[in-house]
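Read off the chains here:
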Amino acid sequence: MQMPALTLQDYRRLAQERMERPVWDFFEGGAGEEHTLAANERAFDRVRLRPTVLRPAAGPDTTCKILGRTWAAPIGVAPMAFHTLAHPDGELATVRAAAARGLPVTVSTFAGRACEELAAAAAGAPLWLQLYCFRDRSVTRRLIERAERAGAEALVLTVDAPRLGRRLRDVRNDFRLPPHIVPANLDGGGFSSPAAHARAELDPSLDWSAVPWLRSVTSLPVLVKGVLTAPDALRAVEAGVDGIIVSNHGGRQLDGVPATLEALPEIAAAVRGACPVLIDGGIRRGRDVLACLALGADAALVGRPVLHGLAAGGEDGVGGVLDILLEELQDAMTLTGTRSLADILPDLVRTGEPW
Ligand SMILES: Cc1cc2nc3c(=O)[nH]c(=O)nc-3n(C[C@H](O)[C@H](O)[C@H](O)COP(=O)(O)O)c2cc1C
Ligand SMILES: CCCCC(=O)C(=O)O
C-alpha cells in the first residue's frame, strides 16, 4: 500500500513519478542557473519562530479579509498557465478544490479551461484573473470583459514579464505544448511554444500607464504582481493599485533577483498598509505562511505545489495539498500561541542559518 502524502514534498514526488520529463521541467524550472528559484525555498529555512507559551490558541482563527472578502486562511493559488498539462480537468479541479475550502484562485491568462465554467465552479469563492498585456490591447480587453462577465472579482497584472525569462530547461528540451493544450480564454493560435508565443504577442513596452488604462476598461480592483523593491511598491501605490504581489515569478524570470521572503520587509515597510501586500514563491509549509505574515504580508499564494497535487490526483490531489497547508498553519499557530492573524507580529520571527 502506498503511504499517504503527508507533506507537500510527498506530493512533489508523486507528481514527478507521473509526469513526462519536458512537462516536469516546464513546471519546475526557473530562469538561468536557477539560483533565485532555489533561494525562494531556502529563505524559509532561515526562519526561526518564537513561540509565546501558555497562551492557549487551540482552534486558531485563520480567516482573513482581502479586498472586502473573507478567505478561510491567508492562502491562495498563484496564477499558473495550463493546469491541463498536469491533469485533464485542469483549472476546474483546482478551483473546485480551493473553493470547497474557502480559498481563492487566480486564473492565468493562459488557463486551459474557460473562465465561465471556472466561475461557476468557484461557487462564491473569490476568483481572480491574471493578466498579461498583449501588444494588441483589444485581446487583453476582450479577456477582461469575458472574465468580468463571468464573475471574476479582481485583475492581477503581471509586471515582471516584458519578455519571458531564459528558462534553459525549456530551451534544451525545445519544449512544445501538446496540440490539445491551448489557452481556453484566448482566440487564435501559435501557442505551441510558450516562449515564442510570449515573445511575439506580449507587450514589451508595458509601463505604469497600464494601470490607468485598466481603470478605463474595468471597474474591478487591480493588483500588480512581480514587485521586488520598495521604490516600485511606492510607484504602484501612487498609480492607485488595489494590491501588490511580491513575486519573482517563482524564479522563472530573472535569475539573480532576491528570494521573495527577503524582498518582503522593505516592501511592507514602504506600503505601510496603503493596500494589501501578498507574496508568492517557495511557500511549501503552513509555517511558511506564518513567516510571510510576520514579515508584513497579508496573504501568501502557492504555485507549483498545486500543480503537484493536480498531477498526483486531480481535484482530490489539490485538496490534499491545501489541507496539508491549512493543517500545518493551524498547528504552527496553536504551538506559537497565535490565536488569530492579528497576533502575528514581526517579533514572531528571527533569522538564522539555513537548517
Ligand atoms: C508552470 C508555471 C506557470 C506559470 N504561469 C504563470 C502565468 O501564466 N502568469 C503569471 O503571472 N505567473 C505565472 N507563474 C508564476 C506563479 O504565479 C508564481 O509567481 C510562482 O509559481 C510562485 O512560486 P512557487 O511556484 O514557488 O510557489 C507560473 C509558474 C509556474 C510554475
Ligand atoms: C506564455 C505562457 C507564460 C506562462 C508563464 O508565465 C510561465 O510559464 O511562467
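Residues numbered from 1 in each chain as written. Chains lettered and ligands numbered in written order. Predicted model: local features only at pLDDT ≥ 70, side-chain atom pairs only at ≥ 80, totals over all residues. Heavy atoms only, no water.

The protein chain is annotated in an unreviewed UniProt entry as Alpha-hydroxy acid oxidase from Actinomadura keratinilytica. Regarding the protein chain, the relevant UniProt record gives this comment under Cofactor (unreviewed entry): "FMN". What UniProt records for the protein chain under Sequence similarities (unreviewed entry) is the sentence "Belongs to the FMN-dependent alpha-hydroxy acid dehydrogenase family." (UniProt positions renumbered as here; feature names shortened; annotations may be inferred.)

Asks: Hey, could you go over the site of ligand 2 for me, with residue numbers and the actual values?
Replies: Near ligand 2 you find Phe 26, Ala 81, Phe 110, Tyr 132, Arg 167, Pro 194, His 249 and Arg 252, and these make up its full shell. Between ligand 2 and Arg 167, the relevant distance is 2.8 Å, taken from an oxygen atom to a side-chain nitrogen or oxygen of the residue. Contacts to ligand 2 include His 249, whose side-chain N or O atom sits 2.9 Å from an oxygen atom. Summarising the interface, the protein chains cover 94% of the accessible area of ligand 2, which totals 300 Å² for the free molecule. The pocket occupied by ligand 2, as judged from atoms lying within 2 Å of grid points, is the largest cavity. In terms of residue class, the shell around ligand 2 is made up of five nonpolar, one polar and two charged. (Near = heavy atom within 4 Å. Polar contact = N/O pair within 3.5 Å; in protein donor to acceptor, adjacent residues only side chain to side chain. Areas by Shrake-Rupley, 256 points an atom, 1.4 Å probe, with all protein chains shown as cover. 1 Å grid on protein atoms, 1.4 Å probe; cavity = no way out; pocket = protein on both sides within 12 Å on 5 of 7 lines; lining within 4 Å. Sits in = over half its atoms within 2 Å of the grid points. Nonpolar A, V, L, I, M, F, W, Y, C, P; charged D, E, K, R; others polar.)

Asks: An account of the site of ligand 1 is needed here, citing residue identities and associated values.
Replies: Neighbouring ligand 1 are 21 residues, the closest being Pro 79, Ser 108, Thr 158, Asp 280 and Arg 284. Between ligand 1 and the protein, one listed contact pairs a nitrogen atom with a backbone N or O atom of Ala 81 at 3.0 Å. Tyr 132 places a polar side-chain atom, nitrogen or oxygen, 3.3 Å from a nitrogen atom of ligand 1. Across the complex, the protein chains shield 98% of the 600 Å² of accessible surface that ligand 1 would expose by itself.

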